[in-house]
Each structure stands twice: as C-alpha cells, then as structure tokens.
Amino acid sequence: MTMNNTPAISITFIIFCVFFGWKLSMAKVQDSTHIFKPMSLALNFSSRGYGAELGFLINKNPQLGLRINASYFSFGKSQNIQLDKGTNLDIFPNIQTLAIGSLVDYYPFKRKAFRLSGGISYDAMQQYQVAFSSASGLDLGGLQIAGDDFGNINFGIKWNAIRPYFGVGFGRSVMKHRVGLGFDMGVAYMGSPKLSLLYEGFLETTTIDNEMKKIESNMRGYSYYPYLAFQLKYNLYKRKR
C-alpha cells in the first residue's frame, strides 16, 4: 500500500513566504498609514511539523506583534509487526497535515522577550488514517484468524479544522538584530474527535460498530493538543538607529 506524499506543498509555502516577505521589506515602511510595520521571516519547527512564519509589529508598538504561519507534517512508513507462531500484522499509516494560523503576541515587560500569545489556526489538510492487513493471518493466544479471513481494516480520526490557541513564549515578533530565536509553548483546543472505520473480513462478524460509538464517546476529553515550537528568525527590515 502506498501513500500520496506531498511535502512540496510546504516547500512551496516557504518559498511564497520568502518572496512575500521580501516584497514587503521593499515597501515604503516609513508611511505612517501602514498598520503593520517591520517584519521578520522564520523557519518554524514544532509539534505540528515544519514550516515558515512571518512576524510583524502592530503599528510600531513594541508590546504588540502579529505572526502568520503555516506548518506541514507527513508520515507514511509501513510497519510489519511479528506476532506469535510466525504470524504478522502489516500497518500502513497515512498521516498528513497542513495548518495555517495567526498569532497575536503581547509583551507585558517592555524590555523582556517574554510573550503571551493567542490566536487561531485552520487545518487546510487533515488526514490521520491507518490501515491494517495480514497475509499470514493472526494467532492471538488461541484466537486464530486465517489470512483470507482477516480482510482489510481502515481506521481514521479527525478533529475540528479551526483551533483556538493560547500559550507563552520567548522571542520578539520582530527582533532588533538581523538573526534571532523564538520559542512557543501552549495548547490548542481541537474539539471532540470523530472516528471512522471501514472494514471487510472477520470484523463483519463482530459488534465493532457499536463499540466504536462508545470509544468515540470516551475520547471526548482528548480535545487539547500540546504545542511546542522553535523558530530561527531573520529580520527583513533594518531598523534605523
């Protein structure tokens, strides 16, 4: 089983951010009618994957910043698990996400880089699926399932596409120097998960559909996603001294 792997999406977005940031840096930022002043471009590595981020000052206020970002993650390496008596289980994960978001940063201490951040993200792509098969069949402590009877199982899970976020961090939205670092730590609210299960084979003789409803109900509390991120930033606008 193969997976459609599209890392080119994230690379395209990073190239777009570089071009967009460069065009903004060439604009006449001296115009006081512009709300968003000097900007920075960052590479972002987070628990949501990797991507790019643009940072702005809001109306030249050093205590307010705006960041626009996108992150991409993909995993599709198949696994073969050896079980008892020479049987095995083949697992085919298919995980792909592309998230676009914005954050407003507030710096309560004027001379410190500590920040409070709040914002929202949108999952333009959200795919959490895994497929199971077994050509050898299974022998699970007396429960024997022949390979022809096992069939195929496809399991999926999905959360809300729109996710509010709150967290803390360090690092200016736009640094005083050309190069800088940033860090975020917080949590996003994803809503209750929705499960899906498609199958053929031995599961057709079970009451798995009723059990899935119970599992989905029991997972309602799994609605918060921990977010950690590191940024390597480059200031696109050289401040006047």
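Structural data are supplied above this passage.
The structure reproduced in this document is the subject of the present report.

**Quick word on the pairing of strand E9 (residues 152-158)**
The side chains of a regular strand alternate between both faces of the sheet.
Move 1: For strand E6 (residues 114-133) and E9, the ladder comprises 5 bridges, and the chain directions are antiparallel. Of the residues in E9, the one forming a bridge with Ala-131 is Asn-154.
Move 2: The pairing of E9 with strand E12 (residues 194-200) spans 7 bridges and is classified as antiparallel. Among the inter-strand pairings, Ile-157 is bridged to a residue of E12, identified as Leu-195.

**Some details on the side chain of Arg-115**
Move 1: Along the chain, Arg-115 turns up in strand E6.
Move 2: Arg-115 sits in the buried class, given a relative accessible area of 0%.
Move 3: A polar contact of 3.3 Å, which involves the side chain of Arg-115, links it to the side chain of Gln-231.

**Brief notes about the environment of Gly-65**
Move 1: Along the chain, Gly-65 turns up in strand E3 (residues 61-75).
Move 2: Separated by 10 residues in the primary sequence, Gly-65 and Gly-55 have C-alpha atoms spaced 7.0 Å apart.
Move 3: When residues no more than four places from it in sequence are discounted, the contact partners of Gly-65 are Phe-56, Ile-58, Leu-103, Val-104, Asp-105 and Ser-173.

**A few points about the pattern of salt bridges**
Move 1: Applying the stated rule across the entire model yields 7 salt bridges.
Move 2: Note that Arg-48 and Asp-123 form a salt bridge whose closest N and O atoms lie 3.0 Å from each other. In this pair, Arg-48 sits in the loop between strand E1 (36-46) and strand E2 (49-58) while Asp-123 sits in strand E6, placing the two residues 75 residues apart along the sequence.
Move 3: A single network of salt bridges, built from pairs that share partners, joins Glu-53, Arg-67, Asp-105, Arg-115 and Asp-184.

Here is what the cut-offs are and how they apply
Residues numbered from 1 in each chain as written. Predicted model: local features only at pLDDT ≥ 70, side-chain atom pairs only at ≥ 80, totals over all residues. Heavy atoms only, no water. Pairing = 2+ DSSP bridges. Helix = DSSP H or I, 4+ residues; strand = E, 2+ residues; numbered from the N terminus. Buried < 20%, exposed > 50% of the residue type's maximum accessible area, 1.4 Å probe, protein only. Polar contact = N/O pair within 3.5 Å; in protein donor to acceptor, adjacent residues only side chain to side chain. Contact = heavy atoms within 4.5 Å. Salt bridge = Lys/Arg side-chain N within 4 Å of Asp/Glu carboxyl O.

Functional significance is not addressed by these values, which are geometric in nature.
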